[in-house]
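# Geometric and topological summary
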Amino acid sequence: MGYELRVERESPLAYAELVRALSGHSDVEVRGSAEAGEVVARHGDEGHQVAVWSGRLTGSPASDWHLAHLARVAELLGGRLVGEDGETYGVRDGILEQGDVEFGKVEDLLYAGPTSWSQ
C-alpha cells in the first residue's frame, strides 16, 4: 500500500488503554512503552509488526493480512481506520472493505498470512 493508516477515535487513545484493550487477544500484543511501542500480530510462530505507537496508533500495511489486523485493532479500540486521503477502512458483516472495494472475509485474510502485496 505504501502509505500510512491511522486509528482515529472521538476520545484520545492512551497507551494504557491500548494495552488493556488488546491484552485479552492471544494473536496480538503490545510491545514497547508509552513513548514508543508497537502492535505485533502472530502468524504461526512469527510475530509481525502491524502498527506503531508514538502518541497515536498508525500502520503502513504491506498485505491484506496487515490491513485486516489494523482494521480489527481499530474496532477493538472503538475507533476507525483512516488513510492519508481520508478514506475509511472497516469490517462490515465480517468483510474488510474500503468504500466499494471489498478485500475479503477477515477470517480468510488472517488465515492466509502476511504475504506481501509486492510478491
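Residues numbered from 1 in each chain as written. Predicted model: local features only at pLDDT ≥ 70, side-chain atom pairs only at ≥ 80, totals over all residues. Heavy atoms only, no water.

Another point: the overall build of the protein chain. The helix and strand inventory of the protein chain stands at 3 helices and 9 strands. For the protein chain, the sequential pattern of α-helices and β-strands runs β-α-β-β-β-β-α-β-β-β-β-α. The C-alpha atoms of the protein chain give a radius of gyration of 13 Å, which matches the 14 Å a tight globule of 119 residues would have. Here the C-alpha coordinates of the protein chain stretch approximately 35 × 35 × 25 Å along the principal axes. (Helix = DSSP H or I, 4+ residues; strand = E, 2+ residues; numbered from the N terminus. Rg over C-alpha atoms; globule rule 2.2 N^0.38 Å.)

Let us look at the sheet that holds strand β4 (residues 46-53). Pairing is antiparallel across the open sheet formed by 9 strands, whose spatial order is β2-β3-β4-β5-β1-β6-β7-β8-β9. The sheet is open, and its two borders are formed by β2 (28-32) and β9 (101-105), each paired with just one other strand. Neighbour-to-neighbour, the strand axes of the sheet open up by a mean angle of 30°, direction not taken into account. The strands touched by helix α1 (residues 15-22) are β2, β3 (37-43), β4 and β5 (57-59); relative to β2, the strand with the most contacts, the crossing angle is about 150°. Contacting β1 (5-8), β2, β3, β4, β5, β6 (80-83), β7 (88-92), β8 (95-98) and β9, helix α2 (residues 64-76) runs over the sheet at an angle of about 55° to β4. (Pairing = 2+ DSSP bridges. Axes fitted to C-alpha atoms, helices over the stretch in contact; angles between N-to-C directions. Contact = heavy atoms within 4.5 Å.)

The complete set of buried residues in α1 reads Tyr15, Leu18 and Leu22. Projection of α1 onto a plane perpendicular to its axis shows the buried side chains occupying an angular sector of 55°, all on one side. (Buried < 20%, exposed > 50% of the residue type's maximum accessible area, 1.4 Å probe, protein only. Arc of directions from axis to C-beta.)

Moving on: the pairing of β9. Relative to β9, β8 runs antiparallel, the two being bridged by 4 bridges. By the bridge assignment for β9, Leu96 is matched with Gly104. As consecutive antiparallel partners, β8 and β9 are separated by 2 residues, and within that stretch Gly99 has a phi angle of approximately 60°, a positive value.

Distances and angles like these do not, on their own, reveal function.
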